[in-house]
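Observations on the model geometry
Chain by chain, the residues:
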Amino acid sequence: MTSSLIKRTGDLILGTEPRQRLRIYRSLMAASVYLICIALQGYACIIGFMHWGDAALLSSLIVLNVLFWYGMLRAGINQRFADPALTLPQILSALTVIAGAYAVTGPVHGSTLMLLALVLVFGIFNMKAPDAKLAGIYTVLLMGLTMLIKSQSEAQHYPIHLEIAHFVLVAAIVPTISSLAAQLSNLRAKLQNQKEELTQALNRIQVLATRDELTGLYNRRHMMDVLNQHQKRLTRSGHHRFCLAILDIDHFKRINDTYGHNVGDEVLRNFAQAAATVMRETDVVARWGGEEFLVLLNDTQPGAAAIGLERLREHLHNVQLAANLPDLKPTFSAGLTDYALSEPLHSCIERADRALYAAKNGGRDRVVMVDGSAHAPQTQGNGHPMAVA
Ligand code: GH3
Ligand code: MG
Ligand code: MG
């Protein structure tokens, strides 16, 4: 109850979009420092170091500044800018407010210098190197100007020798902080680059680990993972049936021997593409070995699976598998079986392999189907109706 109230209040103040929330949160964190500033001004007034009028003016400026940036961020206007965190403008406006505080805090104005450093430190984590430099230059110029004006107009609280000392302090510390911010920014950019390179390398490794380089199909190892997942799902649900088919190109060695290895590779690539195109989207085709492919036919009865393989056979008659050899029409033999619930995967694969062997022995260019439960081999292919082998 209380936690949902806290969440709702948080959502109201910060919004729900995570990146915007972080930006608003950071801005409000800086605003909390401003609030301490306002409290300190009250204290300075009470002990007689500051006029109430000056404190009220400065506090209004601070509150306006906080409200302005909060409104920009909460309304999402910041997202129209190149840096949606609006770091540089927020930092510059904070520095301006501090220069104002420096100008009105009379005998205690020296203490506001610490806030300058604090504001720049806030920006360190977000500013780009050129922005950090700009903020540094702005600070030194603005403070120098403020010190000069105040040393002339209110010499009793801003004696020139003290202002020179303050200026030296600002001119020494601010560039140091700015250059630290610039270094951090470069470090962040470097880390970002490394992260991108690592992500790319990881993607590449994933492709290498799961795909066959020649055909782009899943490789044998990854296909085993896919099959294991399917087996688990089937065991759990009990009603997602699947079939396995092992396809082997007929007399492939002759293609290599007659036309060369490159043509063999081209045929393999195009065969793989044809198989992946013709089979249903839910089916998974993998390169199982040299010129062998394993097809997982999802949610399918063996009869429908055989029709799918027949479709591939017809498709192969109509496509060209080697660009310069229109008459080269390789055929394939296939062993097909359905997975029987609770059986080990390897026994299902071995059954498909035995069926493939039967298809080869039966004369090639055909599909031999073995019923997973009955283990009775049946044959279909070459345009012949399905028959028991
Ligand atoms: P069958 O009809 O009995 O399957 O005869 P086959 O010639 O297709 O079978 P065999 O196992 O005798 O030969 C397979 C050939 O496939 C031998 C091997 O050199 C070739 N091969 C395996 N991998 C590749 C490959 O990546 N590229 C090429 N070009 N050939 C390959
Ligand atoms: Mg072969
Ligand atoms: Mg083979």
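Here the structure is a predicted model, which is why all the values come from computation and not from measurement. (Residues numbered from 1 in each chain as written. Chains lettered and ligands numbered in written order. Predicted model: local features only at pLDDT ≥ 70, side-chain atom pairs only at ≥ 80, totals over all residues. Heavy atoms only, no water.)

1. A short note on the coordination of the magnesium ion (ligand 2)
Convention followed: Atoms of type N, O and S within 2.8 Å of a metal are treated as its donors, and for Na, K and Ca the window is 3.2 Å; water is not considered, so some sites may appear to be missing partners. Only protein chains enter the accessibility calculation, which uses a 1.4 Å probe. A residue is then buried if its area is under 20% of the maximum for its type, exposed if over 50%, and partly exposed in between.
Summarising the metal site, the magnesium ion (ligand 2) is bound by the protein donors Asp248 (OD), Ile249 (O) and Glu291 (OE), whose distances to it range over 1.8 to 2.1 Å. Between the magnesium ion (ligand 2) and the magnesium ion (ligand 3), a spacing of 3.8 Å is present, and a bridge between the two is formed by aspartate 248. Aspartate 248 gets classed as buried once you look at its relative accessible area, which sits at 7%. Taking the relative accessible area as the measure of exposure, isoleucine 249 reaches 1% and is therefore buried.

2. Looking at the pairing of strand S2 (residues 284-289)
As a reminder of what qualifies: In DSSP terms, a helix is any run of H or I states spanning at least four residues, a strand is any run of E spanning at least two, and both are numbered starting from the N terminus. Strands are treated as partners if at least two bridges between them are detected by DSSP.
S2 sits mainly inside the fold: 5 of its 6 residues count as buried. In terms of strand pairing, S2 meets strand S3 (residues 292-298) through 5 bridges, oriented antiparallel. Within the sheet, the bridge partner assigned to glycine 289 lies in S3 and is glutamate 292. Where S2 folds back onto S3 in an antiparallel hairpin, the turn is made up of 2 residues.

3. Digging into the confidence of the model for the chain
Filter applied, for reference: Values of pLDDT, ranging from 0 to 100, describe the predictor's confidence in every residue of the model. Every residue pair with non-hydrogen atoms within 4.5 Å of one another is taken to be in contact.
A residue-level look at the chain finds 96% of positions with pLDDT of 70 or above and a mean pLDDT of 90. Here residues 383-389 is a poorly scored stretch, pLDDT under 50, and it has 16 contacts once near neighbours within four places are set aside; other chains count.

4. Remarks on the site of ligand 1
The cut-off we apply is this: Nearness here has a simple test: a residue counts as near a molecule or strand if at least one of its heavy atoms is within 4 Å of that partner. Contacts described as polar in this section are N or O atom pairs within 3.5 Å, which, within protein, must combine one atom able to donate a hydrogen with one able to accept it, while residues neighboring in sequence count only if both atoms come from side chains. Surface accessibility in these figures is a Shrake-Rupley result with a 1.4 Å probe; residues are shielded only by whichever protein chains are displayed.
Taken together, the neighbourhood of ligand 1 is formed by 17 residues, with Asp248, His251, Phe252, Asp265 and Arg364 sitting nearest. Measuring from a nitrogen atom of ligand 1, one finds a side-chain N or O atom of aspartate 265 at 2.6 Å. For ligand 1, the protein covers 67% of the area, taking 650 Å² as the surface of the free molecule. Residue assignment for the shell around ligand 1 shows that the elements contributing at least two residues are strand S1 (242-249), helix H9 (252-259) and helix H10 (261-278).

5. Here we look at the pattern of salt bridges
Any two side chains of opposite charge can pair, given that their charged atoms come close. As a reminder, the rule being used: Each salt bridge in this description consists of a side-chain nitrogen of Lys or Arg and a carboxyl oxygen of Asp or Glu lying within 4 Å of one another.
Applying the stated criterion across every chain yields a total of 12 salt bridges. Between arginine 287 and aspartate 212 there is a salt bridge, with the nearest N and O atoms lying 3.3 Å from each other. Of this pair, arginine 287 sits in strand S2 while aspartate 212 is found in the loop between helix H7 (160-210) and helix H8 (220-237), placing the two residues 75 residues apart along the sequence. Ionic pairing is found between arginine 313 and glutamate 310, a salt bridge with its closest N-O pair at 3.0 Å. Of this pair, arginine 313 and glutamate 310 are both found in helix H11 (residues 302-318), 3 residues apart, which corresponds to roughly one turn of the helix. Accessibility classification places arginine 313 together with glutamate 310 in one group, the buried group. Within the structure, one salt-bridge network assembled from shared partners comprises Lys7, Asp11 and Arg21.

6. Some remarks on helix H1 (residues 2-14)
For the record, the criterion: Take the number of residues in a helix, subtract one, and multiply by 1.5 Å to get its expected span. In this description, one arc is meant: the one made by directions from the helix axis to the C-beta atoms.
If you check H1, its first and last C-alpha atoms are 18 Å apart, about what 13 residues at 1.5 Å a residue would give, namely 18 Å. The complete set of buried residues in H1 reads Gly10, Asp11 and Leu14. With its buried residues spanning 100 degrees around the axis, H1 presents them on a single face. Across H1 from its buried face, at more than 90 degrees, point the exposed residues Thr2, Arg8 and Leu12.

7. With respect to the layout of surface pockets
Cut-off, in case you're wondering: Both cavities and pockets are sets of points on a 1 Å grid over the protein atoms alone; in a cavity a 1.4 Å probe fits but cannot get out, in a pocket the set is open with protein on both sides within 12 Å along at least five of seven lines, and lining residues sit with an atom within 4 Å of a point. Grid points are joined across faces, edges and corners, and a volume is the space filled by probe spheres set on the points. Ten residues, namely Ala, Val, Leu, Ile, Met, Phe, Trp, Tyr, Cys and Pro, are considered nonpolar, four, namely Asp, Glu, Lys and Arg, are considered charged, and the remaining ones, Gly among them, are considered polar.
Considering only enclosed or pocket space, the largest pocket measures out at about 540 Å³ in volume. Surrounding the largest pocket, 17 residues form its lining, Arg19, Asp83, Ala85, Asn126 and Arg188 being those nearest its centre. Residues that form the lining of the largest pocket fall into these classes: 6 nonpolar, 4 polar and 7 charged. Taken as a whole, the second largest pocket spans an internal volume of roughly 440 Å³. The wall of the second largest pocket is formed by 26 residues, among which Arg26, Ser27, Ala30, Gln90 and Phe122 lie closest to the centre. At the level of secondary structure, the elements contributing two or more residues to the lining of the second largest pocket comprise helix H2 (18-46), helix H3 (52-74), helix H4 (87-104) and helix H5 (113-124). The dominant element in the lining of the second largest pocket, judged by the number of residues it contributes, is H2, at 9 residues. For the lining of the second largest pocket, the residue count by class is 18 nonpolar, 6 polar and 2 charged.

8. Some details on the environment of valine 121
In this structure, valine 121 sits in helix H5. Sequence-wise, valine 121 and alanine 352 are 231 residues apart; in three dimensions their C-alpha atoms are separated by 68 Å.

9. Considering the nonpolar core
Buried together is how nonpolar side chains tend to be arranged in soluble globular proteins. Keep this limit in mind: For our purposes a nonpolar core is just a set of buried Ala, Val, Leu, Ile, Met, Phe, Trp, Tyr and Cys residues, chained together by side-chain atoms within 4.5 Å.
The biggest cluster of nonpolar side chains holds 36 residues, and the ones touching the most others in it are Ile91, Leu113, Leu116, Leu120, Met143 and Val170. At the level of elements, H2, H3, H4, H5, helix H6 (129-153) and H7 are the ones that each hand at least two residues to this core. With near-sequence residues (within four places) excluded, leucine 116 lies in contact with Leu95, Ile98, Thr139, Met143 and Val170.

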